[in-house]
Amino acid sequence: MKYKLWGAFLFLCAIALSLAAPLLESGWSSSRYHQHLEARVKAEETKGDGFFTHLPLVEIETNGVEIPGRAVYRADGTEYYTTAADGGESISAHMDIVDHELEYNHPEDPPTLSSDITIHVRGNSSRSFDKPSYAVRLVTEDGMNNPQKVMGMDAHHEWVLYGPYLDKTLLRNYMWYNIGGEIMDYAPNVRFCEVMLNGEYQGVYVMTEKVTAGDNGARLPLTVNAKQNTFSGYLLQLNGDRPPSNNQLTDQFTYYTKRTKYQMDIVYPGRSNMTPEIRQAISQDFSDFEKALYSYDYDSESYGYPSMIDTQSFIDYFLINELTCNYDAGWLSTYLYKDTSGKFHTCLWDMNSACDNYDKIQTEPMAFQMQYCLWYVMMMKDEDFVNALINRYWQLRETYFSEDYLFDYIDSTVAYLGDAIDRNYSVWGYTFQKQYDLLLPTERNPRSFEEAVDQTKDFLSRRIPWMDKNIDTLKQYSAESKVKKFNENAN
């Protein structure tokens, strides 16, 4: 079946505009670039012979050298990652991107962007997938950072080429990062593309901003001055069973009190701008936040957690991850940053398991879970926070959480991807077979792209009414604390 039917695409775009009308009437406006809605239609006469695509085309040449970072399992079941010949985690390579605005893209076209790169396989469990994801760093000939605008996104040297494999719809990260970017201060910008590696077609990928700081306000507003040992904002990541690093927090309250078994890494400042003084100052600053959060006066407007966080950011992060049952959030693949405003913010990341796409079922019976993870354990004790969360949910239900909006987003994205879906599954279609099942029980695994899309819609059609009916039950977590009342009376 061919999905690239431009008549259907334009029809769906018309539907999208009609559905967006209530948003526009309410003062809604978008600064987010949604590729599937805003990319220009290509001229049919530019198709030519051979391979062509309406998506940006990424060509990576490693001269036959294997890209390191793959997960390999020893006989005893333990895991290690492959390395480069010199023992490093990356190799040098070259990347060309062909991204014409009005013409189809062909492998033989002169590149619209060309750069040397370093590259390695990235991820946790995904490192063992047949279709890997890559961390790409743009560099000059002498190995220095080479920030470039990629597919219209702000110039930077660090990128992630995410390869949808577990997510058979290909859509989850693209869709939820973009919706998150409409709702929150920041979510990574993304673009669909197709990838060729050493001349061989690799399928549909999603070029993704790596979560970090950038120049001129790009990405996150964070700054550091290593010479003066000062910083204005920093970025932390909680990401599972990683080996100890020199950039881990040295005084993480939730780790030492065993509320989490993982220590947080300082992502920004990176190693090149890190000093012992900066590391200690960041560790102390974050420890002060966690200790205030878990203190008796945790909800004080003056010196409790409300004075330290962007409350809206934490509420929106909770709701997006709860709506999609993306329950790695708050435990794994979790970013937290303090920007130049002096407030802590959350950032979406790794949505490929969202919408009932975990290896083990998360949604029977339907329930709320975000209230149990790390910092939310205390925030949910605050009646003001819970009430604001519930009010925000109903606000989003009128816009980005409406079934019409979400289903149209899926349909119009599928229409935009068009023939790229067929090309992708000409390579990866075998993964629909039972012997490649990753979800348990096995009947949860879709047997076609169409079935994968239908399953996602079915999940949302069940999840949204359930949340409508049960969102007020979150008030139980902010019930009056008898212990706190006793202490107040005793004093």
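Reading the values: the criteria
- Numbers given for residues are sequential positions, taken from 1 along each chain in its written order.
- Given that this is a predicted model, residues contribute local features only at a pLDDT of at least 70 and side-chain atom pairs are listed and counted only at 80 or more, while totals for whole chains, interfaces and linings are drawn from all residues.
- Where side-chain values are given, they derive from all heavy atoms of the structure, hydrogens and water being excluded.
- Going along the chain from the N terminus, every DSSP run of H or I of four or more residues is numbered as a helix, and every run of E of two or more is numbered as a strand.
- Accessibility here uses a 1.4 Å probe with only protein chains present; expressed as a share of the type maximum, an area under 20% marks a residue as buried, one over 50% as exposed, and anything in between as partly exposed.
- We call two residues contacting when some pair of their heavy atoms lies within 4.5 Å.
- For two strands to pair, DSSP has to find at least two bridges joining them.
- Only the contacting stretch of a helix is used when fitting its axis, a line to C-alpha atoms as for every element, and angles between N-to-C directions run 0 to 180 degrees.
- Any two rings among Phe, Tyr and Trp, with Trp reduced to its six-membered ring, count as a pair given centres within 6.5 Å; such a pair is stacked if its planes are under 30 degrees apart, edge-to-face if over 60, and tilted if neither.
- Placement of a positive charge over a ring is assigned whenever Lys NZ or Arg CZ falls within 6 Å of the ring centre and within 35 degrees of the normal to the ring plane.
- Every case where a carboxyl oxygen of Asp or Glu lies within 4 Å of a side-chain nitrogen of Lys or Arg is listed as a salt bridge.
- Here, expected helix span is obtained from the residue count minus one, scaled by 1.5 Å.
- The definition of a polar contact used here is a pair of N or O atoms within 3.5 Å, where within protein one atom must be able to donate a hydrogen and the other to accept one, and adjacent residues in sequence count solely through side-chain atom pairs.
- An angle below 35 degrees is read as roughly parallel, one above 145 as roughly antiparallel, one from 65 to 115 as roughly perpendicular, and any other as oblique.
- Two helices that cross are described as forming a left-handed crossing if the nearer one is turned anticlockwise from the farther one by less than a right angle, and a right-handed crossing if clockwise.
- When residues are grouped by polarity, Ala, Val, Leu, Ile, Met, Phe, Trp, Tyr, Cys and Pro land in nonpolar, Asp, Glu, Lys and Arg in charged, and all others, Gly among them, in polar.

Visitor: Whenever I open this one, the environment of Thr-260 confuses me. Can you help?
Guide: Relative to the assigned elements, Thr-260 resides in the loop between helix 4 (253-256) and strand 15 (265-268). Since its relative accessible area comes to 5%, Thr-260 is described here as buried. In sequence terms Thr-260 and Leu-374 are 114 residues apart; their C-alpha atoms lie 7.2 Å from each other. Filtering out sequence-adjacent residues up to four positions away, Thr-260 remains in contact with Leu-238, Gln-252, Thr-254, Tyr-255 and Leu-374.

Visitor: Explain the pairing of strand 11 (residues 200-209) here, please?
Guide: When a strand is regular, its side chains alternate between the sheet's two faces. The buried fraction of strand 11 amounts to 9 of the 10 residues, a majority that puts the element mostly inside the structure. Note: strand 9 (residues 158-162) against strand 11, 4 bridges, orientation antiparallel. Along strand 11, the bridge assignment pairs Trp-159 with Glu-209. Two successive antiparallel strands, strand 10 (residues 190-197) and strand 11, enclose a turn made up of 2 residues, where Asn-198 displays a positive phi of approximately 50°.

Visitor: Mind showing me how you'd approach the sheet that holds strand 17 (residues 344-347) here?
Guide: Strands pair in a sheet through their backbones, by hydrogen bonds, and they do so in one of two ways: parallel or antiparallel. The antiparallel open sheet is built from 4 strands, whose spatial order is 15-14-16-17. Since the sheet does not close on itself, it has two edges, and those belong to strand 15 and strand 17, each with one partner. On average, adjacent strands in this sheet sit at an angle of 30° to one another, irrespective of strand direction. Two strands pair when backbone bridges link them, and strand 16 (residues 334-338) and strand 17 are joined in this way by 4 bridges, in the antiparallel orientation. Bridging from a neighbouring strand, Tyr-335 pairs with Cys-347 of strand 17. Contacts from helix 6 (residues 311-323) reach strand 16 and strand 17 within the one sheet, and its direction differs from that of strand 17 by about 25°.

Visitor: Honestly, helix 10 (residues 419-428) in this entry has me stumped. Any pointers?
Guide: Because an α-helix completes one turn every 3.6 residues, residues spaced three or four positions apart along the sequence face the same direction. Burial in helix 10 covers these residues: Ala-420, Ile-421, Arg-423, Asn-424, Tyr-425 and Trp-428. Taken together, the buried residues of helix 10 touch strand 10, strand 11, helix 9 (403-417) and helix 11 (449-470).

Visitor: What is the right way to read the packing of aromatic side chains from this model?
Guide: Centre distance and the angle of the planes are the two values used to describe a pair of aromatic rings. In this structure the tally under the stated criterion is 30 aromatic pairs. Between Trp-428 and Tyr-430 the ring centres are 6.2 Å apart and the planes differ by 45°, which places this aromatic pair in the tilted class. Accessibility expressed as a relative area gives 25% for Tyr-430, which makes it partly exposed. An aromatic cluster is present here, built from Phe-231, Tyr-234, Phe-286, Phe-289, Phe-344 and Trp-375 joined pairwise through their rings. The aromatic ring of Tyr-165 is capped on one face by Lys-168, whose charged end is 5.3 Å from the ring centroid. The ring of Trp-159 carries Arg-219 above its face, with NZ or CZ at 4.5 Å from the centroid.

Visitor: Just to check I follow, could you spell out the pattern of salt bridges for this structure?
Guide: When the charged atoms of two side chains lie near each other, side chains of opposite charge can form a pair. All chains considered together, the criterion is met by 13 salt bridges. A salt bridge links Arg-172 to Asp-167; the shortest N-O distance between them is 2.5 Å. We note that Arg-172, like Asp-167, is buried.

Visitor: Teacher, can you tell me more about helix 8 (residues 383-397) here?
Guide: Relative to the 21 Å expected for 15 residues at 1.5 Å per residue, helix 8 spans 21 Å between its end C-alpha atoms, a close match to the ideal helical length. Against helix 3 (172-183), helix 6, helix 7 (376-379), helix 9 and helix 11 lie the buried residues of helix 8. The residue sitting at the N-terminus of helix 8 and contributing the capping side-chain oxygen is Asp-382; that oxygen lies 3.0 Å from the backbone nitrogen of Asp-384.

Visitor: Quick question: what am I supposed to make of the environment of Thr-46 here?
Guide: Mapped onto the secondary structure, Thr-46 falls in the loop between helix 2 (35-38) and strand 1 (57-61). Owing to a relative accessible area of 18%, Thr-46 belongs among the buried residues under this scheme. Sequence separation between Thr-46 and Glu-103 is 57 residues, and the spatial gap between their C-alpha atoms is 5.6 Å. Among all residues touching Thr-46, those that are not within four sequence positions of it are Glu-103, Tyr-104 and His-106. A distance of 3.0 Å separates a polar side-chain atom of Thr-46 from the backbone nitrogen of Tyr-104.

Visitor: Could you clarify how one ought to interpret the packing of helix 3 against helix 6 in this entry?
Guide: Packed helices, taken two at a time, are described by the angle their axes make and the gap between the axes. Running from N to C, helix 3 and helix 6 cross one another at 150°; their axes reach a closest spacing of 11 Å. Here helix 3 is positioned roughly antiparallel relative to helix 6, judged by the angle of their axes. Remark: the crossing between helix 3 and helix 6 carries right-handed chirality. Contacts between helix 3 and helix 6 pair Trp-176, Gly-180 and Ile-183 from the former with Asp-316, Ile-320 and Leu-323 from the latter. Partitioning the contact of helix 3 with helix 6 into residue classes produces 4 nonpolar, 1 polar and 1 charged.

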